[in-house]
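# Commentary on secondary and tertiary structure
Here are the chains, one letter per residue:
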Amino acid sequence: MPLVNAKEMMLKAKEGHYAVGAFNINNLEWTKAILLAAEEAKSPVMLGVSEGANKYMTGYTTVVAMVKAMIEALNITVPVALHLDHGTYEGAKACLEAGYSSVMFDGSHYDFAENVEKTKEVVALAKEKGATVEAEVGSIGGEEDGVVGMGECADPNECAKIAALGIDMLAAGIGNIHGVYPENWPGLRFDVLEKIKEAVPGMPLVLHGGTGIPAEMVQKAIKLGVCKVNVNTECQLAFAKATREYIEAGKDQVKKGFDPRKLLAPGTEAIKQTVLEKMEIFGSVGKAF
Ligand code: 13P
């Protein structure tokens, strides 16, 4: 199936009370592992790519070409959206030109009026290309690509104003942060989530910082309107752990164990298993259409 935007995915997730996982990709192994997991689980999936990861993979057009070719070569039949994660205005524009089917414009660090203006412009560009748009209100905490957010809770009134701009998904801070949660993290603010849900009826909500949030908390958030859950760090940790075990066991020194196709295999498999577990928690297994 060719790349799709996230519109139908989000509508179906909302109706079916599940969430679609958006898993960040970093290279070929990541992409392959996530696509194979989605196909095995018969689950729709979103591939999230930060601007830093795009740069690492040599640019937006390289990423689009790789993902499209891989979908075809692996005969992936489930819906796949290629989505810019935490994009700038310029990044979103470049991705839309390059063929991304979905973009996040993260204007949460601007003052609100500027976030509104820039989000509006990105929506207009995306509409021309048939792509979907995610906007953000209330910066998500933690560090991502060197950008540190403060972990705010979004203001429901601001959510309503941004939701009215024609966006397809809304990321709203509810105490979630990127990366590993500190031990004293108090948990998601369901009271804030309920208020946001009332302020933006029908709008698919996005939960960032999916790594390490207890499954019951994620499932409660899904019941309250979350339709997309982003996961990045957990796949990175799984990959690093499996790779370290392989090397610490000396397997890279046995025969041709140093061959990258062997060296990276356990890490790739670990990403796939992590994605499968998450899809189970999110309830998207068997929901491909
Ligand atoms: P984690 O790295 O905490 O899973 O967050 C991913 C994310 O929200 C990407 O936008």
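Each value, and the rule that gives it
- Residues numbered from 1 in each chain as written.
- Predicted model: local features only at pLDDT ≥ 70, side-chain atom pairs only at ≥ 80, totals over all residues.
- Heavy atoms only, no water.
- Axes fitted to C-alpha atoms, helices over the stretch in contact; angles between N-to-C directions.
- Helix = DSSP H or I, 4+ residues; strand = E, 2+ residues; numbered from the N terminus.
- Parallel < 35°, antiparallel > 145°, perpendicular 65-115°, else oblique.
- Left-handed = near helix turned anticlockwise from the far one by under 90°.
- Contact = heavy atoms within 4.5 Å.
- Buried < 20%, exposed > 50% of the residue type's maximum accessible area, 1.4 Å probe, protein only.
- Polar contact = N/O pair within 3.5 Å; in protein donor to acceptor, adjacent residues only side chain to side chain.
- Pairing = 2+ DSSP bridges.

### So, the packing of helix α6 (residues 112-129) against helix α7 (residues 156-163)
- The N-to-C vectors of α6 and α7 enclose an angle of 20 degrees; their axes lie 10 Å apart at closest approach. Taken together, the axis directions place α6 and α7 in an arrangement best described as roughly parallel. Seen along the crossing, α6 lies across α7 with a hand that is right-handed. Facing α6, whose interface residues are F112, N115, V116 and T119, α7 presents E158, K161 and I162.

### Regarding the side chain of D168
- Structurally, D168 is set in the loop between α7 and β8 (169-172).
- The class for D168 is buried, based on a relative accessible area of 11%.
- Engagement of the side chain of D168 in a polar contact is seen with the side chain of K7, the distance being 2.9 Å.
- Separated by 2.8 Å, the side chain of D168 and the backbone nitrogen of V133 make a polar contact.

### Focus on the pairing of strand β5 (residues 132-137)
- Burial within β5 is extensive, with six of its six residues counted as buried.
- The alternating pattern of β5 places T132, E134 and E136 on one face and V133, A135 and V137 on the opposite face, and all of these are buried.
- As paired strands, strand β4 (residues 102-105) and β5 are joined by four bridges and run parallel to one another. Note on β5: the bridge partner recorded for F105 is A135.

### Observations concerning the environment of V275
- Position of V275 among the secondary structure elements: in helix α12 (residues 265-282).
- Residue V275 is classed as buried on the basis of its relative accessible area, which comes to 0%.
- For the pair V275 and A238, spaced 37 residues apart in the sequence, the C-alpha separation amounts to 10 Å.
- Leave out the neighbours within four places in its chain, and V275 touches F23, I34, A37 and C235.

So far we have only geometry, and geometry alone does not tell us how the molecule works.
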